[in-house]
Amino acid sequence: QVQLVESGGGLVQPGGSLRLSCVASGFTFSNYAMSWYRQAPGKAREVVGYISTTGLDTNYDHSVKGRFTISRDNAKNTVFLQMNNLKPEDAAMYYCNRPSQPVPWGQGTQVTVSS
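Only a predicted model underlies this, so the values are computations on that prediction, with no experimental measurement involved.

Caption draft 1: Main features of the sheet that holds strand E4 (residues 34-39). Read across the sheet, six strands follow the order E2-E10-E9-E4-E5-E6 without closing on themselves; strand pairing throughout is mixed. In this open sheet, the two strands that pair with only one neighbour each are strand E2 (10-12) and strand E6 (58-60). The average undirected angle you get between the axes of adjacent strands in this sheet is 25 degrees. As defined by bridge partners, E2 adjoins strand E10 (residues 109-113) across three bridges and the pair is classed as parallel. Counted as the bridge partner of Leu 11 is Thr 112 from E10.

Below, the structure is given as structure tokens:
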């Protein structure tokens with residue numbers, strides 16, 4: 001059964017940090033690039049960033065570049081999103097998925113940025 005399980009969200013003050021995790025199962029994780037996405041209330045889901053199968057290539061939306069870092073551990077079928085210097089506009093539900101041949105979305109993990 002293909003499954004994505006995100007975790008690590010929470011409430012953080014502006015300027016704070018969080019590390020999100022996404023554990024994949026049901027497919028050969030190392031064969032697929034992965035992306036992180038986010039969706040704020042009333043807005044469309046947007047891509048936060050991308051990581052290649054090996055982890056050697058990444059790219060990010062301009063709004064998070066320099067603050068967020070995506071990494072992966074293929075031995076643990078896990079992709080990470082390190083978020084630093086969080087801003088109120090980063091508040092959203094965060095998801096991971098395969099950018100090509102996406103699988104059913106997980107439940108996401110909520111990030112709230114507020115003082």
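Caption draft 2: Local environment of the state of the cysteines. Under the definition given, this model contains one disulfide. Across a sulfur-sulfur distance of 1.7 Å, Cys 22 and Cys 96 are joined as a disulfide pair. Of this pair, Cys 22 sits in strand E3 (residues 18-25) while Cys 96 sits in strand E9 (residues 92-97), and the two are 74 residues apart along the sequence. Each member of the pair, Cys 22 as well as Cys 96, carries the same accessibility label: buried.

Caption draft 3: Just the pattern of salt bridges, in detail. This model, assessed by the stated rule, comprises three salt bridges. Among the salt bridges present, the one from Arg 38 reaches Asp 90, with a minimum N-O distance of 2.9 Å. Of this pair, Arg 38 sits in strand E4 while Asp 90 sits in the loop between strand E8 (78-83) and E9, and the two are 52 residues apart along the sequence. By relative accessible area, which is 7% here, Arg 38 ends up buried. Between Arg 67 and Asp 90 there is a salt bridge, with the nearest N and O atoms lying 2.7 Å from each other. Pair noted here: Arg 67 is in the loop between E6 and strand E7 (68-73) and Asp 90 is in the loop between E8 and E9, with a separation of 23 residues, a long-range link. Look at Arg 67 and you get buried, because its relative accessible area is 8%. Given a relative accessible area of 0%, Asp 90 falls into the buried group.

Caption draft 4: Expanded view of the sheet that holds E7. The antiparallel open sheet is built from four strands, whose spatial order is E1-E3-E8-E7. Each edge of the open sheet is held by one strand with a lone partner, namely strand E1 (3-7) and E7. For this sheet, the mean inter-axis angle between neighbouring strands, taken without regard to orientation, is 15 degrees.

Caption draft 5: Structural view of unusual backbone geometry. Not every positive phi belongs to a glycine, and Asn 77 is a case in point at roughly 50 degrees. Along the polypeptide, Asn 77 turns up in the loop between E7 and E8. Here Gln 101, not a glycine, exhibits a phi torsion of approximately 55 degrees, which is positive. On the secondary structure map, Gln 101 appears in the loop between E9 and E10.

So, how was this worked out
- Residues numbered from 1 in each chain as written.
- Predicted model: local features only at pLDDT ≥ 70, side-chain atom pairs only at ≥ 80, totals over all residues.
- Heavy atoms only, no water.
- Pairing = 2+ DSSP bridges.
- Helix = DSSP H or I, 4+ residues; strand = E, 2+ residues; numbered from the N terminus.
- Axes fitted to C-alpha atoms, helices over the stretch in contact; angles between N-to-C directions.
- Disulfide = S-S within 2.5 Å.
- Buried < 20%, exposed > 50% of the residue type's maximum accessible area, 1.4 Å probe, protein only.
- Salt bridge = Lys/Arg side-chain N within 4 Å of Asp/Glu carboxyl O.

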